[in-house]
Each structure stands twice: as structure tokens, then as C-alpha cells.
Amino acid sequence: MLIANRGEIAVRIIYALKELGIESVAVYSEADENSLHVMLANYAIRIGPPASKSSYLNMKNIISAAEISGADAIHPGYGFLAENPEFAEMCRDHNITFIGPPPEAIRAMGDKIEAKRIMKKAGVPVVPGSDDPISSLEEGLNIAKEIGFPIIIKAAAGGGGRGMRLVRDESEFTNAFLSASNEALNAFGDARVYIEKYLEKPRHIEIQLLGDMHGNMVYLGERECSIQRRHQKIIEEALSPALSEEKRRWLGEVAVKGAKAIGYYSAGTMEFLMDKDGNIYFIEMNTRIQVEHPVSEMITGIDIVKEMILIAMGEKLRYKQEDIKFNGHSIEARITAEDPERNFTPTAGKIDFVHKPGGPGIRVDSHIYSGYSIPPYYDSLIAKLIVWDKDRISAISRLKRALEEFVIRGEGIKTTIPLHLKIIEDERFKKGDIHTGFIESILKLDNI
Ligand code: MV4
């Protein structure tokens, strides 16, 4: 199997392959010659220069690498080509198994308007808003008035927060509409936008799903991902402190019903927003393995990456819903090579020394090692520190202990470890009283 990715997720996939007894083929750019995924894989093929578009996004080169090496499957990881329906189709056309859902599902969920339409029809609650793209300023304003301000304008081809505009009142509408649709056109080549009621300080809650090609699907509980900055998640946990057992079951069943409506298989995630009254609404679906999948693995004991591979080989799901038990609590801290004191500018360069924390309940998913150089071309994620313990309070103290033990040293290298410590020492965080505006309030503190 070829891994069309780099960094920690490429390493994570190679671990799963080794345990399944499947040979691995790494691909790498000129900047990743000395990467851990290249060292760990059975074979490695250089596919292009450092820029992602010439290497990790270069579909022809990746397909060629699969054919040359004799790989009969490709795992896309997350980012890069993971949610590109053309790439999934190209794999299918070359008789290469794409480790993920069918291209039709990727395409349908890539259009956020279509995704909402499908989910609404399947009985999944969606955020109130326009059911179609907004075709004119006038129509948009009428819909906005009907829904009631504040509203939010989102790009149909967007997702993850790109191309969004908050509109507080009527006077802001025209500017916001034109700039959102212009930004959408420039970023995605698709100017279509839609409108939603704006929810104040919602929680971000997502359901992990696993389904096979034979119509079986289970939910692996939810993840709370409300601590984000600029739509980048910083801390994720499972389960959410905000859901009762009853609500968890209801939401899990709703998510399964929605995903089954599109004939989904593989691992996938349904994203929801929860308002302060506890109402929950679908916003989008991610058709890939996600960065934060480990917290769901820790509380269920299920290796999601391995299951995705077995599912793509046509195997039947090995679990029924009643087999899924949620045990303890897990938290992931995304450690990036960025300087929080300099507006999170990425820091690249040589890491002279790394010490990863250990001990009970600790997992570190990372590609860094002493002597590794962080290239400046890619995402700044360098390690995911994942902890497990019997309950949330114990998991928080374990995370604190592990963050304090983690050493990443190198000239000019800064990490977000101090920021993580600040977050988890906050009384509101300890109480589980978090929402999507939490991180701004932390960053206003001047002593990070
Ligand atoms: C919203 C919202 C409020 N109301 N939609 C941002 C990322 C994208 N996945 C959806 N996002 C939001 N959509 C409505 N109708 C607020 C956000 C939002 C947000 C959501 C999750 C986590 C962090 C966030 C930070 C700012 C805004």
C-alpha cells in the first residue's frame, strides 16, 4: 500500500500496515528526504520538489509511484488529496484501491449546500438557513431577514471556516455577501454561497463513524473540538463533557442515519454545532481520517486506521453498535512549531533534541526525532500528545504532567506547549465550560 502523505499521519498509517502485515510504500518530496515515514516504510519513492502542488498534490506522480512499486492501494491520510473526488476516481480508473469512501460521497459532501440538503432529507437537524445557493443580493437579503440577524454567509465549496462572513445586521449584508462570494470564487473557483442563522459561541461536537461496503455502520462516540484558533483545532477530547448518555445515543443514531443515506463507507465524521440551549445542528461531513482520531481510538480500543484498510478490502465491519463501549477519557494536544508570542508564525529548522513523555496512558503520534529538520513548506503540526485516564479530571492532570515532560529543543524552534499548559490550567477548561470563543479569551492573557 502506498501512503500519499507525510508527517505524523504517514507514520501512523505505516504502523497500521506493519501490524496488518502489509508492505508500505512511502512517497516524499525533495524536502522530506530525511523524514521518519521514509525511513519506516518498506519502499520510498521521491515524487517531486518541495512545493506540495508538485509533490503531495501531484496526482499523476503519485499514481505512477503506485504503479512502479506495484502498490495496489493508496491511503491518502488527511489534507492533500484526501477529499479530492478526482483523485479517488483516478485510483478507481487505475484499479488502485482508494482507502476511503466512494468518490460520489466525497463529491456530495464537498458541496456544503448539497450535504445539508441530503442530511435534512434524511432527518438530521441542520442549522436553519437557505436551502439553495444565494442567486442575488436581493434574494440573499430577503432570506437573511426571514432567518433573522445575526446570520453567517458560508461558501458552498468551503468548509473548515474558509470564506465565512458574520453579518450582525442589515447594513453589513451587501459588503459581506459580495466579499464572501468573491473570496469563494478566488479560493475554490466556485462563487456559490449560502446563509445560516449565526449561533453565538457554539460548541463544536463531531461524531466518528465507521461503516463497511455491506451497509453496516457504527458510531464511535463524539469528540469535543471547541478549542480552535482560526479554525485550527488545538485541543480535542472524547467524550464531550456536554452530552448526556441519552443525547449521545440520539446523536450517534442520527449521524449513522445521515451517513447511510449517502451509501457511505470507511471512516467519516459528522460535524455539529451545539448552541447554549443544547440544540444540536449538522454543519458538514468530513470524508477522511481526521487529525484527532486517536482520542476516539483511546476510549473505544478500536484502531480506526486499520479498520479503514480492512473495510476498503471489502471486509465486513467487525463490530456491532452494542460492542462499542466508551471507556475513560482521552485528550489530544496538537503541538505545532509556531510561536504564540509572534502571532503563531511557523518556526522551521533543526530540532537538536527531543524527549517525548512516557508512562501510563500516554501516546505520542509524531514524526520528529533528535536531529530532524522541520521543513518550512508544510503544516506546522509536529506532534500530537494524546492522554487517556479513567475520567476527565485525571486525564487533565496526566496531560499537564506529560506537557511538562515534553522537550523539543532547537535554534529558533518555538512550540505551542506553553499555550497548552495555559489552556488546561484554566478553571473554565477544567469545568468543561468551553466554546468556540474560548481561545481568544486565553490569548488575551499576557503571560503565555
Ligand atoms: C458557524 C458558527 C456559528 N453559526 N455556523 C467555523 C468552522 C466551520 N466548520 C463552521 N464554523 C462556524 N460555523 C453558524 N451557523 C460558528 C463557527 C465558528 C466555529 C465553529 C467551530 C469551532 C470554532 C469556530 C470559531 C469561529 C466560528
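Residues numbered from 1 in each chain as written. Predicted model: local features only at pLDDT ≥ 70, side-chain atom pairs only at ≥ 80, totals over all residues. Heavy atoms only, no water.

Undergrad: How should the side chain of Glu 206 be read in this particular structure?
TA: Looking at the secondary structure, you find Glu 206 in strand 9 (residues 203-211). Excluding its chain neighbours within four sequence positions, the residues that come into contact with Glu 206 are Gly 221, Glu 222, Arg 223, Cys 225, Lys 233, Thr 269, Met 270, Glu 271, Gln 290 and Glu 292. (Helix = DSSP H or I, 4+ residues; strand = E, 2+ residues; numbered from the N terminus. Contact = heavy atoms within 4.5 Å.)

Undergrad: In this structure, what is going on with the site of the ligand? I would like to understand it.
TA: In the vicinity of the ligand, 18 residues are found, and the nearest of them are Lys 154, Glu 196, Lys 197, Leu 199 and Thr 436. Lys 154 places a polar side-chain atom, nitrogen or oxygen, 2.9 Å from a nitrogen atom of the ligand. Contact between the ligand and Lys 197: a nitrogen atom at 2.7 Å from a main-chain N or O atom of the residue. Taking 510 Å² as the accessible area of the ligand by itself, protein coverage stands at 91%. Mapped by element, the contributors of at least two residues to the shell around the ligand are strand 6 (151-155), strand 8 (193-197), strand 12 (266-274) and strand 13 (280-286). Classifying every residue of the shell around the ligand by side-chain character gives seven nonpolar, six polar and five charged. Here the shell around the ligand spans two domains, since at least three of its residues come from each of domain 2 (128-197) and domain 3 (203-443). (Near = heavy atom within 4 Å. Polar contact = N/O pair within 3.5 Å; in protein donor to acceptor, adjacent residues only side chain to side chain. Areas by Shrake-Rupley, 256 points an atom, 1.4 Å probe, with all protein chains shown as cover. Nonpolar A, V, L, I, M, F, W, Y, C, P; charged D, E, K, R; others polar. Domains from an automatic or database assignment.)

Undergrad: How should the sheet that holds strand 5 (residues 97-98) be read in this particular structure?
TA: Neighbouring strands of a sheet are bound in pairs by backbone hydrogen bonds; such pairs are parallel or else antiparallel. One open sheet accounts for five strands, arranged 3-2-1-4-5; its pairing is parallel. Here the strands that pair on one side only, and so sit at the sheet edges, are strand 3 (43-48) and strand 5. The pairing of strand 1 (residues 2-3) with strand 4 (residues 73-75) spans two bridges and is parallel. Paired with Leu 2 across the bridge in strand 4 is Ile 74. Running over the sheet, helix 3 (residues 59-69) touches strand 1, strand 2 (25-29), strand 3 and strand 4 and is turned about 150 degrees from strand 3. (Pairing = 2+ DSSP bridges. Axes fitted to C-alpha atoms, helices over the stretch in contact; angles between N-to-C directions.)

Undergrad: Please explain the side chain of Ser 52 as it appears in this structure.
TA: Relative to the helices and strands, Ser 52 is located in the loop between strand 3 and helix 3. In this structure Ser 52 comes out as buried when scored by relative accessible area, which is 17%. The contacts of Ser 52, once residues within four sequence positions are left out, are Leu 57, Asn 58, Phe 80, Tyr 377 and Tyr 378. (Buried < 20%, exposed > 50% of the residue type's maximum accessible area, 1.4 Å probe, protein only.)

Undergrad: Would you mind showing me how to read the packing of aromatic side chains here?
TA: One pair of aromatic rings is described through two measures. These are the centre distance and the angle between the planes. Inspection of every chain in the model, using the stated rule, returns seven aromatic pairs. Site record: aromatic cluster; members linked through ring pairs are Tyr 56, Phe 80, Tyr 377 and Tyr 378. A cation over an aromatic ring shows up here: Arg 392 above the ring of Phe 429, its NZ or CZ 4.7 Å from the ring centre. (Phe/Tyr/Trp six-rings, centres within 6.5 Å; stacked < 30°, edge-to-face > 60°. Lys NZ or Arg CZ within 6 Å of the ring centre and 35° of its normal.)

Undergrad: Just checking my understanding: could you explain the environment of Glu 404 for this structure?
TA: Relative to the assigned elements, Glu 404 resides in helix 12 (residues 392-405). By relative accessible area, Glu 404 is classed as partly exposed at 49%. Taking C-alpha positions, Glu 404 is 45 Å from Glu 114, a pair spaced 290 residues apart along the chain. Engagement of the side chain of Glu 404 in a polar contact is seen with the side chain of Lys 400, the distance being 2.9 Å.

Undergrad: Could you clarify how one ought to interpret the environment of Lys 390 in this entry?
TA: Locating Lys 390 in the fold gives a position in the loop between strand 21 (381-389) and helix 12. Distance in space between the C-alpha atoms of Lys 390 and Lys 325 is 13 Å, their sequence separation being 65 residues. Sequence-distant contacts of Lys 390, that is, excluding residues within four places in its chain, are made with Gly 328 and His 329. At 3.2 Å, the side chain of Lys 390 forms a polar contact with the side chain of Ser 394.

Undergrad: I would appreciate a short explanation of helix 10 (residues 293-300) in the present structure.
TA: Helical geometry: 3.6 residues make up each α-helical turn, so side chains three or four residues apart lie on a common side. Burial within helix 10 is extensive, with seven of its eight residues counted as buried. All of the buried residues in helix 10 are His 293, Pro 294, Val 295, Ser 296, Glu 297, Ile 299 and Thr 300. Two residues or fewer after helix 10 comes Gly 301, characterised by a positive phi angle close to 75 degrees.

Undergrad: Help me understand the sheet that holds strand 11 (residues 232-238), please; the structure alone is not making it clear to me.
TA: Strand order in this open sheet of eight strands is 13-12-9-10-11-14-21-19, and the pairing throughout is antiparallel. Taken across any chain shown, the strands that pair with only one partner, and hence form the sheet edges, are strand 13 and strand 19 (362-366). Within this sheet the neighbouring strands show an average axis-to-axis angle of 25 degrees, counted without direction. Where strand 10 (residues 217-229) lies against strand 11, four bridges are found, and the strand directions are antiparallel. Following the sheet pairing, Arg 229 is matched in strand 11 by Gln 232.

Undergrad: Is there a simple way to think about the pattern of salt bridges in this case?
TA: Oppositely charged side chains may form a pair once their charged atoms are brought near each other. Applying the stated criterion across every chain, the model contains 37 salt bridges. Among the ionic pairs, Asp 131 bridges to Lys 120, the shortest N-O distance being 3.0 Å. Of this pair, Asp 131 sits in the loop between helix 6 (112-121) and helix 7 (137-147) while Lys 120 sits in helix 6; the two residues are 11 residues apart in sequence, bridging distant segments of the chain. Residue classification places Asp 131 among the partly exposed residues on the basis of a relative accessible area of 42%. When the shortest N-O distance is used, the salt bridge between Arg 168 and Glu 200 registers 2.7 Å. Placement of Arg 168 in the loop between strand 7 (165-167) and helix 8 (173-188) and of Glu 200 in the loop between strand 8 and strand 9 is noted, with a sequence separation of 32 residues between them. Residue class for Glu 200 comes out partly exposed when judged on its relative accessible area of 32%. Through salt bridges with shared partners, one network takes in Glu 206, Arg 223, Lys 233, Glu 236, Glu 292 and Arg 334. (Salt bridge = Lys/Arg side-chain N within 4 Å of Asp/Glu carboxyl O.)

Undergrad: Mind showing me how you'd approach the domain arrangement of the protein chain here?
TA: Interface size is often expressed as the accessible area that is lost when the parts come together. Domain boundaries in the protein chain define domain 1 (2-99), domain 2 (128-197) and domain 3 (203-443). Spacing between the C-alpha centres of domain 1 and domain 3 amounts to 23 Å. Across the contact, 33 residues belong to domain 1 and 29 residues belong to domain 3. Carbon and sulfur atoms make up 63% of the surface buried where domain 1 meets domain 3, a total of about 2300 Å² over both sides. (Buried area = accessible area lost by both parts, 1.4 Å probe.)

Undergrad: Honestly, the packing of helix 7 against helix 8 in this entry has me stumped. Any pointers?
TA: When two helices pack together, their arrangement is given by the angle between the helix axes and by the axis-to-axis distance. Two numbers describe how helix 7 lies on helix 8: the axes approach to 10 Å, and their chain directions differ by 120 degrees. As judged from the angle between their axes, helix 7 and helix 8 are oblique. Here helix 7 runs over helix 8; the crossing is right-handed. Each of Leu 137, Gly 140, Leu 141 and Ala 144 in helix 7 lies in contact with helix 8, whose residues at this interface are Phe 173, Thr 174 and Phe 177. In terms of residue class, the contact of helix 7 with helix 8 is made up of five nonpolar, two polar and no charged. (Parallel < 35°, antiparallel > 145°, perpendicular 65-115°, else oblique. Left-handed = near helix turned anticlockwise from the far one by under 90°.)

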